[in-house]
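# Chain and residue survey
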Amino acid sequence: TCDIVDSTVGDQIIYTPPVTLKDIIKKALGLFNLSDIKVIEQFTIPQFGASETQSATIGTSLFSFLESLCRQRQVIITTDGSGNILLSRASTAVIKTFLLNQVIEGQNTNNIVSAAMAYDFTNRFNKYTGYTQANPIGFNDLTGSQDPAVQTDLIVNTTQTSSTDQVIRKSRICNFVNENSTTQEDLLRRARWEANIRRARSTVYSCSVEGFDADQDGIIWRPNLLVNVIDDYCDINSQLLITDVTYNLSVEGGGTTDLTLVTPDAFTLQVEQDAIDARINSIGKGFIV
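Right, let's walk through the structure included here. (Residues numbered from 1 in each chain as written. Predicted model: local features only at pLDDT ≥ 70, side-chain atom pairs only at ≥ 80, totals over all residues. Heavy atoms only, no water.)

## Some words on the pattern of salt bridges
Under the definition given, this model contains one salt bridge. Between R71 and E67 there is a salt bridge; the shortest N-O distance is 2.4 Å. With R71 and E67 both in helix α3 (residues 62–72), this residue pair falls four residues apart, about one helical turn. Residue class for E67 comes out partly exposed when judged on its relative accessible area of 23%. (Salt bridge = Lys/Arg side-chain N within 4 Å of Asp/Glu carboxyl O. Helix = DSSP H or I, 4+ residues; strand = E, 2+ residues; numbered from the N terminus. Buried < 20%, exposed > 50% of the residue type's maximum accessible area, 1.4 Å probe, protein only.)

Dropping the structure here:
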């Protein structure tokens, strides 16, 4: 799969809609002599319609092209650890094993060797405005976030939705053009996804644990597991999603596992579908995309 990241697109990748994301990826892999790589869908992904056709620019990395398609469907493209492509979203399964780094007098049930918390707001903005290529009339959305710092105002007479994240200063504005023409529903979801995923990814927790397995579950630590974390030193008592795992084997025997974790909504749309539809309907029929 490293060749997917390193290789660049030459000839146009042509496909006829309606077509599934999986079929587009399989066709692209075939052009790069990578047909032996399987494409695994973990859930049903809506097809691409005639208005959503997209071609890659010559010289663009194959991965960037495929990732842009996945972004339109709010899908994470990754590997399953065996060289195949995995199309997924955040897991909803919570393992039994806890990650513990507690201060309890006279007790030591901790399995965390070391830990750190990082905050990075460089990719987070106050306002997000999305545009469609067919008719660049955009609307803004940071939307429906459950974060209490986020407030949303609907401006009906301008056929726009404006959102403000109080944590981020007003001078930080993100404008983006969707990869192709799309419906107002999909553009709204894309704008909201950009806002939510950037907000969630701005805070990253990392830790190192003894051994390689989540002992109460009988499995090795791996990405896309939900785990409860209690860390008194980093002031965390929350359910987090593992995004990265590194196994460290000691020449003297034994080893440690380094884990990187984020909030679960870093890979989800976060807001309930009925709430999205209600906000879309409130925009009115005068809205044009």
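Further notes follow.
## Let's talk about the side chain of S208
On the secondary structure map, S208 appears in strand β11 (residues 203–210). A relative accessible area of 9% places S208 in the buried class. When near neighbours in sequence (up to four residues on either side) are disregarded, S208 contacts N111, I112, V113, S114, T256, T257 and D258. (Contact = heavy atoms within 4.5 Å.)

## A word on the sheet that holds strand β1 (residues 39–41)
Read from one edge of the open sheet, three strands run β1-β3-β2, paired in mixed fashion. Only two strands of the sheet have a single neighbouring strand rather than two, namely β1 and β2 (76–79). Adjacent strand axes in the sheet meet at a mean angle of 25° when their direction is disregarded. Inspection of the sheet shows β2 paired to strand β3 (residues 85–88) by four bridges, in the antiparallel sense. By the bridge assignment for β3, I76 is matched with S88. Seen against the sheet, helix α2 (residues 21–31) touches β1, β2 and β3 and runs at an angle of roughly 170° to β1. (Pairing = 2+ DSSP bridges. Axes fitted to C-alpha atoms, helices over the stretch in contact; angles between N-to-C directions.)

## Describing the sheet that holds strand β4 (residues 94–101)
Here we have six strands laid out as an open sheet, ordered β4-β14-β15-β16-β11-β5, and mixed in their pairing. Because the sheet does not close on itself, it has two edges, and the strands there are β4 and β5 (112–119). Neighbouring strand axes in the sheet, compared pairwise and without regard to direction, differ in orientation by 35° on average. Here seven bridges tie β5 to β11, and the two strands are oriented antiparallel to one another. Its bridge partner lying in β11, A118 is registered against V204.

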